[in-house]
Amino acid sequence: MVSTALQDKPRTTGKRQRLAKPELLAPAGSLEKLKFAVHYGADAVYIGGQKYGLRSNADNFSIEEMRQGVEFAAKYGAKVFVATNIYAHQEDLAGVADYLRELEDAGISAIIAADPAIVEIAQKAAPKLEVHLSTQQSTMNWQAVQFWKEEGLPRVVLAREATMDEIREMKARVDIELEVFIHGAMCSSVSGRCVLSNHFTDRDSNRGGCCQSCRWKYNLHADETSIAEVDQNLFTMSSKDLCMIQHIPDLIDAGVDSFKIEGRMKSIHYVASVVNAYRQAIDSYMADPEGYVLRPEWVAEIGKAANRPLNTGFFYSVPGAEEHIYEAEEKPAPYDFAAVVTDYDAAEGIATVQQRSPFRPGMEVEFIGPDGRQFAQQVGEITDEDGNALSVARHPLQKIRLKTAQPVMPLDLMRKRLQ
Ligand code: SF4
């Protein structure tokens, strides 16, 4: 759902100051997600290694998987960044230099770091690795950006709380790359400055363990001894998710160098759909800024992957009470990821797909591919690889053959309609 507030925001602010093509930077929680992110149009992906990152529950990459990811991304001209953005306790620092050398050797282009100790160790131990300042440093003014430039950093990932005007001023005053979150979850505290998770579950948000306790459902009690609830309604403390698909011209004109999508824990379908939509919007604007028109199918594509209300975060104003989620507003996603295309027999018009969730004949499905290719159809007869007819594709990863209404390609996705 796109909020009214989002739709009402200005689309441009007038004169363009800069038209260099920004990087589209996507999350990749696993090697498979990395491949889909790059295939669907990401210029770069950010991943977590098995140490020093902030998503300890993602399927973090081994060094060997990083090598494979770098090799795959290079075929598309894409880069791989690694998050090493914990705030380190003393004990965490042992081994950082060796680890960063391993990343450098694996072909990683940059690390994303927050702790000045890790920044300095990287600069000395692995000089071929770029160091990007993490959003965990909450950078929101040009003097801080200038400081990090003087420390030798080529890029700063801004706080989600930075406004469009602040971004414009940073870009005007400091010659440095700015990376900005343009889509995904927000923290309901100032990003990263939260200990709810630590308090409730002993899982440290700043060492990769956030359990998203802001999204839990809470009751309100009159006082700590009362068991009578003041309000029977459960409430949450999370904010709406960020979505800037309607403001691509503004972001490019402000000078944002890298458009960052949040969500290393998100599904392949989510990453592919969101990257696909932003890829088309960015390319369309860069090809013809004057004639640019926001296409409804890009917004619709985002809606097919999202199940939380969306807004524009802090870009245009400080989010008010209406941008908060008090009640459980998460709805089931309208589509569910059903299969990945692995092969297509053009002569017979039959695709081989790998099952990712059960589907059966008669279901309404959509096939999607890079560059906005998509079509809907009803599933007809399905068979296994030996040609045996099936009443349902129920086994995860099973190869299934079915006729498609249009040609498809490997790595296209099939999603089933739920509502
Ligand atoms: S619990 Fe919520 S507000 Fe706190 S760090 Fe995690 S996501 Fe952010």
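Now for a description of the structure that goes with this document. Here the structure is a predicted model, which is why all the values come from computation and not from measurement.

### Remarks on the layout of surface pockets
1) Next: By volume, the second largest pocket is sized at about 270 Å³.
2) Next: The set of elements that each furnish at least two residues to the lining of the second largest pocket consists of strand S7 (177-184), helix H11 (268-287), helix H12 (296-305) and strand S15 (335-345).
3) Next: A total of three residues in the lining of the second largest pocket trace back to one element, the largest contributor, which is S15.
4) Next: For the lining of the second largest pocket, the class distribution of residues is seven nonpolar, five polar and seven charged.
5) Next: Both domains that meet at the lining of the second largest pocket, namely domain 1 (4-187 + 239-313) and domain 3 (335-417), each give it at least three residues.

### Focus: the pairing of strand S22 (residues 413-417)
1) Next: The buried fraction of S22 is high, at four of five residues.
2) Next: Inspection of the sheet shows S15 paired to S22 by five bridges, in the antiparallel sense. What sits directly across from Val 340, in S22, is Leu 413.
3) Next: Here strand S17 (residues 364-368) runs beside S22; their pairing, made up of four bridges, is antiparallel. Residue pairing for S22: Ile 368 is matched across the bridge by Leu 413.

### Some words on the nonpolar core
1) Next: Among the nonpolar cores identified, the biggest contains 96 residues, and Val 45, Met 66, Leu 103 and Tyr 278 are the most heavily contacted of them.
2) Next: In terms of residues, this core owes the most to one element, H11, which gives 12 residues.
3) Next: In contact with Val 45, other than residues within four places in its own chain, are Leu 25, Ala 26, Ala 28, Leu 34, Ala 37, Val 38, Lys 79, Val 80 and Phe 81.
4) Next: Of all hydrophobic cores here, the second largest spans 17 residues; its members include Val 341, Phe 359, Leu 402 and Met 414.

### Some words on the site of the ligand
1) Next: All residues in the neighbourhood of the ligand are listed as Cys 187, Ser 188, Ser 189, Cys 194, Cys 210, Gln 212, Ser 213 and Cys 214.
2) Next: Classifying every residue of the shell around the ligand by side-chain character gives four nonpolar, four polar and no charged.

### Things to note about the environment of Gln 123
1) Next: Examined against the element boundaries, Gln 123 turns out to sit in helix H6 (residues 116-125).
2) Next: Look at Gln 123 and you get partly exposed, because its relative accessible area is 32%.
3) Next: The spatial distance from the C-alpha of Gln 123 to the C-alpha of Gly 152 is 8.5 Å, given a sequence separation of 29 residues.
4) Next: Beyond its immediate stretch of four places on either side in the chain, Gln 123 contacts Val 131, Glu 151, Gly 152 and Leu 153.

What counts, and at which threshold
Residues numbered from 1 in each chain as written. Predicted model: local features only at pLDDT ≥ 70, side-chain atom pairs only at ≥ 80, totals over all residues. Heavy atoms only, no water. 1 Å grid on protein atoms, 1.4 Å probe; cavity = no way out; pocket = protein on both sides within 12 Å on 5 of 7 lines; lining within 4 Å. Points joined across faces, edges and corners; volume = space filled by probe spheres on them. Helix = DSSP H or I, 4+ residues; strand = E, 2+ residues; numbered from the N terminus. Nonpolar A, V, L, I, M, F, W, Y, C, P; charged D, E, K, R; others polar. Domains from an automatic or database assignment. Buried < 20%, exposed > 50% of the residue type's maximum accessible area, 1.4 Å probe, protein only. Pairing = 2+ DSSP bridges. Core = buried A, V, L, I, M, F, W, Y, C linked by side-chain atoms within 4.5 Å. Contact = heavy atoms within 4.5 Å. Near = heavy atom within 4 Å.

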